[in-house]
Structures are given as structure tokens and as C-alpha cells.
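Residues per chain, in single letters:
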Amino acid sequence: MLSIEELIDRVKDKKLDMACLTDHDTIMGSDEFVRLAKENGIISYPALELSTYSNGESIHVLGYFKSIDKISDEFKQYLISMKEQRDNRMRELVNNINHLYGFDIDFDEIVKLHPNMLERPHLAEAISKKTGESFKTIFEKYIGDKCPGYIPSTKLPTKDGIDMIHKAGGLAILAHPYQYTKNDQYELINLGVDGVEVFYFPAAPKKYKKYKKYCEKHNLLMTGGSDFHKELDYKHSFIGSYDYGSPYSEELIKRIEEL
């Protein structure tokens, strides 16, 4: 929802030492983000949030890479195919919403506004312009995971997604385990990730302890993030919401540099 420059400005405003752009299923923008971050003295690496699927639930796996040119061509081609899949999914979502609820949402108008990677918030934006409803209401009524018109973003098995990131030359981290309700979180961790997004700032800090203890026992990386998506977001936090620092960030940097 924001440009690379706007994101960097917010990172600078929060005086962060490290920040990675982790868009869903794409590394578009990573080169520019890393370049501008480093120009401003901010540590940054190419990254993404890969959509996978397990037991009827969308599971997200973060991938961190040392540099764009070290990411395999095979993985880059897969991400290009993911853009096509997401475009087709959005077209189907628009058709579903228009049919089920009598809206007149124009798919082409959404593409004009957001030509890169289409996400549900872009559809929510279009619906909000029609109805005046909040994003929270729109997700609950029309396009949330449990709504009649919902379509999953991918059917890629979680284990395959983890293996793809490793094969591409990256570290695989299970994102926000707190969100998953249809899967055993520890079974997901045991699929072979390098670490867990333990410090997930939309979650209450008291929830961190069990995953922190598990990661310490099994020598897994512990990452953290705000999961920032856009301004005035009812569901996700804001850039720099909480501290994520020593010794976890140093260990993450060390492992990325060793790739």
C-alpha cells in the first residue's frame, strides 16, 4: 500500500537498525529497498513471505536471502508464476463477491491501482469505496478466510515451500505461529524450518515464552517483526512497534551472511 521510499522513511523515523521487506510471494522491490536501507545506514536483506497450505489453512513461511543474485533462477521463475496465480485468484474473488453480494467491483480498476502483486486488502479498498465499510468489517463479512467467497492464495504444501526456500539459497522461518488454528504449530516447526517468528508484535508478549523455550531447546533462530501491511490497520502492527534486538538479531544476521 506504500511505496519503497515511504517505507524507508517510516523505518528511519523509528530509528531502526535493521529492516527487511517481506511481501507475499514476491521479491519485487527488494533490490530498491535494500539499496535505500543501506544508503541510510540500515541493515537489510532480500526477503519474502511465501504462501503455503496445510490442513485447510494458509501457512506463511518467511524467506531471508543474502542477496538477490544468489537466489536461484528456478525460485525466481516460481515467484513469477505466483504473480499469475494471484492475478487469477483476484479475478475469481472479484467475480465471487460481485455474484454473492451484488457489488460491481471492476477487476481492471484494481490492477490499475496496484499493478504489482494483488492482495485481499486491495479488494477491500475497492469494496470500501463502494460501501464505506471498514477493512475489518469487509474481511469479516465478505473476503475473510471463512467467508463463502474466499479462495486460498496457493495450494503449495508447507514442507515443499520450506524446501523451495532452502533450495533457492535462503533461510526458512515459520511466520506468526500464533495465528494457526487448524495445524499443530510444533508439527509445522518440525517440517524443517531454520527458525520461528517468535516475537510477533501483534501478539501479546506473554505468548512468546513457549516458542522461545522451544527454539532455545532445538537451536532454532528467533526472528521478530511488526507484520506491517498499511497505515491504520485493524489487524497488524506498525513499523517499529516493539524492540527486537540482541542476541536474536545478531544471530539472524550471522546466519544470513553465512549463506
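**Q** Residues and numbers for the pairing of strand β2 (residues 57-64), please.
**A** A large share of β2 lies buried, amounting to 8 of its 8 residues. Of the two faces of β2, the one holding E57, I59, V61 and G63 and the one holding S58, H60, L62 and Y64 are both buried throughout. As paired elements, strand β1 (residues 47-54) and β2 share 8 bridges and run antiparallel to each other. Across the sheet, E49 pairs through a bridge with L62, a residue of β2. With antiparallel pairing between neighbouring strands as the criterion, β1 and β2 make up a hairpin whose turn holds 2 residues, including N55 at a positive phi of roughly 55 degrees. For β2 and strand β3 (residues 171-174), the ladder comprises 4 bridges, and the chain directions are antiparallel. Bridge assignment links L62 to a residue of β3, and that residue is I173.

**Q** Which residues make up the pattern of salt bridges, and what values do they have?
**A** Scanning the entire structure with this criterion turns up 12 salt bridges. Of the charged contacts in the structure, one is a salt bridge between K83 and D87, with a shortest N-O distance of 3.2 Å. In this pair, K83 and D87 are both assigned in helix α3 (residues 73-101), 4 residues apart and thus about one turn of the helix distant. The closest approach of N and O atoms between E109 and K112, which form a salt bridge, is 3.5 Å. Of this pair, E109 and K112 both sit in helix α4 (residues 107-113), 3 residues apart, which is roughly one turn of that helix. Each of the salt bridges in this network shares a partner with another, and the network as a whole consists of D25, R86 and E119.

**Q** Outline the layout of surface pockets, supporting the account with residue identities and numerical values.
**A** For the second largest pocket, the calculated volume is near 180 Å³. For the second largest pocket, the full set of lining residues is D104, I105, D106, E109, I110, L113, H114, H122, E125, A126, K129 and K130. Broken down by secondary-structure element, the contributors of at least two residues to the lining of the second largest pocket are α4 and α5 (120-131). With 5 residues, the single largest contributor to the lining of the second largest pocket is α5. Residues that form the lining of the second largest pocket fall into these classes: 4 nonpolar, 2 polar and 6 charged.

**Q** Talk me through the nonpolar core; I want residue IDs and the actual numbers.
**A** A general feature of soluble globular proteins is that nonpolar side chains tend to end up buried together. Core analysis: the largest hydrophobic core is formed by 46 residues, its most contacted members being L50, F75, I189 and V198. With residues up to four places along the chain from it excluded, the contact list for I189 reads L174, V196, Y211, Y214 and L220. Within the second largest apolar cluster, 19 residues are counted, among which are M90, V94, F103 and I151.

**Q** For the pairing of strand β5 (residues 221-225), give the residues involved together with the corresponding values.
**A** Counted residue by residue, β5 has 4 buried out of 5 residues, so it is predominantly covered. In the sheet, strand β4 (residues 195-200) pairs with β5 via 4 bridges, with the strands oriented parallel. Of the residues in β5, the one forming a bridge with V196 is M222. Taken together, β4, helix α9 (residues 208-218) and β5 constitute a β-α-β crossover, and its handedness is right-handed.

**Q** Residues and numbers for the sheet that holds β3, please.
**A** The sheet built from 5 strands is open, its strands ordered β1-β2-β3-β4-β5 with mixed pairing. At either margin of the open sheet sits one strand with a lone partner, and together these are β1 and β5. On average, each strand axis in the sheet is inclined to that of its neighbour by 40 degrees, with strand direction left out of account. Along the sheet, α9 makes contact with β4 and β5, crossing β4 at roughly 150 degrees.

**Q** Could you give an account of the packing of aromatic side chains, with specific residues and numbers?
**A** With the rule as written, the count across this model stands at 15 aromatic pairs. Seen in terms of ring centroids, Y101 and F103 are 6.2 Å apart; in terms of plane orientation they differ by 35 degrees. Their pairing is tilted. Residue classification places Y101 among the partly exposed residues on the basis of a relative accessible area of 28%. Ring geometry for Y101 versus Y142: centroids 4.8 Å apart, planes at 70 degrees, classification edge-to-face. Placement of the pair is Y101 in helix α3 and Y142 in helix α6 (residues 135-143), with a sequence separation of 41 residues. Accessibility expressed as a relative area gives 8% for Y142, which makes it buried.

**Q** Go over unusual backbone geometry, please, and point to the residues and values.
**A** Here the amide bond leading from S246 into P247 is cis, since omega sits at -5 degrees, within 30 degrees of zero. Checked against the element boundaries, P247 lands in the loop between β5 and α10 (248-257). The backbone phi angle of K15 is positive, close to 55 degrees, even though this residue is not glycine. With respect to the helices, strands and loops of the structure, K15 is situated in the loop between α1 (4-13) and α2 (30-39). In this structure, D25 takes a positive phi of about 60 degrees despite not being glycine. Along the chain, the position of D25 falls in the loop between α1 and α2.

About the criteria used
- Residues numbered from 1 in each chain as written.
- Predicted model: local features only at pLDDT ≥ 70, side-chain atom pairs only at ≥ 80, totals over all residues.
- Heavy atoms only, no water.
- Buried < 20%, exposed > 50% of the residue type's maximum accessible area, 1.4 Å probe, protein only.
- Helix = DSSP H or I, 4+ residues; strand = E, 2+ residues; numbered from the N terminus.
- Pairing = 2+ DSSP bridges.
- Salt bridge = Lys/Arg side-chain N within 4 Å of Asp/Glu carboxyl O.
- 1 Å grid on protein atoms, 1.4 Å probe; cavity = no way out; pocket = protein on both sides within 12 Å on 5 of 7 lines; lining within 4 Å.
- Points joined across faces, edges and corners; volume = space filled by probe spheres on them.
- Nonpolar A, V, L, I, M, F, W, Y, C, P; charged D, E, K, R; others polar.
- Core = buried A, V, L, I, M, F, W, Y, C linked by side-chain atoms within 4.5 Å.
- Contact = heavy atoms within 4.5 Å.
- Right-handed = clockwise from strand over helix to strand, strands pointing away.
- Axes fitted to C-alpha atoms, helices over the stretch in contact; angles between N-to-C directions.
- Phe/Tyr/Trp six-rings, centres within 6.5 Å; stacked < 30°, edge-to-face > 60°.

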